[in-house]
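Observations on chain architecture
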Amino acid sequence: MPQHMSSVAEAMTVFMRIIGLSKESLRNIFLRGEFEEFPDEKSMHGTARLAEMLNYYSTKLQKNGSTAKFLMEEISVLEEAKGIHLANFFSRNAFLTLLQRKVSAISEIPVKFVEVIWDYVECVAIQVLMQNCESFLQVQAFTKRAIQNLMSKIKEKSKDRVMEIVEMEKLIDYTCDPEYMSALNKLMAQKQVFEFVMNNVHRSTSIRIEGFGDIEVGHLRSFPGIRDDAFDMKMRISAYWKIVVKRLVDGVVLHLMLSLHKLINGEMEKVIVSEIMSAHHGAMDWMLEESLSVTKKREMLNKRVELLKDSKEVMGKVMDRIALDD
């Protein structure tokens, strides 16, 4: 049975204890990876579920790719980027055009990912809070509304941040990561095999390129003046795309984890207390008023306690008589 409170100060103390317990539970669930409170509820094993969602997100980003024939997209862009300039120099605008297409193709994936993450966090947070204040039904509605409003704001803020990250990848082709040059050199080392097949009409039109598998290239013999540039661009895009995906994963996840820390360690308590204290008629006053079901249970328990006391007295008298008779 919940403690019966007789003052607002006492109710506030109990309420802050509820918030403290909820924060500690959420730290265990999302930050520490502990799930002793919910051993059989896998949905409450936060770090494991977040890791699963992250792995799915990362895999989906990496699998997304063009369905066009090998180098045909690059050739199409290079054809439209022709200009009056020295030969053997493909336009940076052509590279950015292809990059923007690839980023645009996956731009919804990070946004949907953060929506799924925050929807999950909201469900867990509400379950924890409702469980901890289940004895105070009058307060549950205010607490739930406060969390829902807060999560809605956090979700929109995260979506804005993620869209900003995506937009940066569209506009700028830069990295200081040495992995880019390492990956590019490995890919470009296969150009000699590509040129050999292109220049020997009696050779097979299928070649194996690391990172792409077995590729049909017979259609490229019709583009002798541009296929080499297209190959170079393809390899550069492929090497750089690994960096882009890594940044889209790392940047989004770091943002989410920082936001989660802020939510649990400060924002949640601030918003819930504000909602409770500003509630019409004062939710703290309502905590002093027990629900009808709790009142009935308390009356029933009080009657049982009185009955036990009476029984104890009767048994005491009986034992005294037995002792006297002896």
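Not measured: the values here are computed from a predicted model.

Within the secondary structure, Lys-234 is located in helix H9 (residues 227-277). Other than its neighbours up to four places away in sequence, Lys-234 contacts Phe-70, Leu-71, Glu-74 and Phe-212.

Sheet analysis places strand E1 (residues 206-209) next to strand E2 (residues 213-216), joined by 4 bridges and oriented antiparallel. The residue bridging Ile-207 from the neighbouring strand is Ile-215, located in E2.

Quick look at the pairing of E1 now. Alternating positions in E1 separate cleanly, Ile-207 and Ile-209 being buried on one face and Ser-206 and Arg-208 remaining unburied on the opposite face. In sequence, E1 turns back onto E2 through a hairpin of 3 residues, with Gly-211 there showing a positive phi of about 95 degrees.

A separate point is the side chain of Asn-28. Turning to its location among the elements, Asn-28 is positioned in helix H1 (residues 8-32). For Asn-28, a relative accessible area of 12% gives the class buried.

This next bit is on helix H8 (residues 191-198). Among all positions of H8, only Lys-191, Phe-194, Val-197 and Met-198 are buried. Buried residues of H8 fall within an arc of 125 degrees about the axis and therefore sit on the same side. Check the buried side of H8 and you find it contacts helix H7 (179-188), E1 and H9.

This brings us to the packing of aromatic side chains. As enumerated under the stated definition, the model contains 6 aromatic pairs in all. The interplanar angle of 5 degrees and the centroid separation of 4.2 Å between the aromatic rings of Tyr-57 and Phe-113 together place this pair among those described as stacked. Residue Tyr-57 is located in helix H2 (residues 46-63), and its partner Phe-113 is located in helix H5 (residues 108-132); the two are separated by 56 residues in the primary sequence. There is no split in this pair, since Tyr-57 and Phe-113 are both buried. Taking the ring centre of Trp-241 as reference, the NZ or CZ of Lys-102 above it sits at 4.7 Å.

What follows is about the environment of Leu-248. Residue position: Leu-248 is located in helix H9. Residue class for Leu-248 comes out buried when judged on its relative accessible area of 1%. Separated by 79 residues in sequence, Leu-248 and Glu-169 have C-alpha atoms that sit 8.6 Å apart. For Leu-248, the residues in contact, after removing those within four places along its chain, are Tyr-57, Leu-61, Ile-106, Ile-165, Val-166 and Glu-169.

Another point: unusual backbone geometry. Although it is not a glycine, Leu-71 adopts a positive phi angle of roughly 75 degrees. Following the sequence through the fold, Leu-71 ends up in the loop between H2 and helix H3 (72-80).

A few words on the nonpolar core. Counting 86 residues, the largest nonpolar core has Phe-30 and Phe-70 as its most contacted members. Looking at this core, the element that brings in the most residues is H9, giving 22 residues. Discounting residues that sit within four places of it in the chain, Phe-70 has contacts with Phe-194, Ile-209, Phe-212, Ile-215, Glu-216, Val-217, His-219, Leu-220, Phe-231, Lys-234 and Met-235.

Cut-offs applied
Residues numbered from 1 in each chain as written. Predicted model: local features only at pLDDT ≥ 70, side-chain atom pairs only at ≥ 80, totals over all residues. Heavy atoms only, no water. Helix = DSSP H or I, 4+ residues; strand = E, 2+ residues; numbered from the N terminus. Contact = heavy atoms within 4.5 Å. Pairing = 2+ DSSP bridges. Buried < 20%, exposed > 50% of the residue type's maximum accessible area, 1.4 Å probe, protein only. Arc of directions from axis to C-beta. Phe/Tyr/Trp six-rings, centres within 6.5 Å; stacked < 30°, edge-to-face > 60°. Lys NZ or Arg CZ within 6 Å of the ring centre and 35° of its normal. Core = buried A, V, L, I, M, F, W, Y, C linked by side-chain atoms within 4.5 Å.

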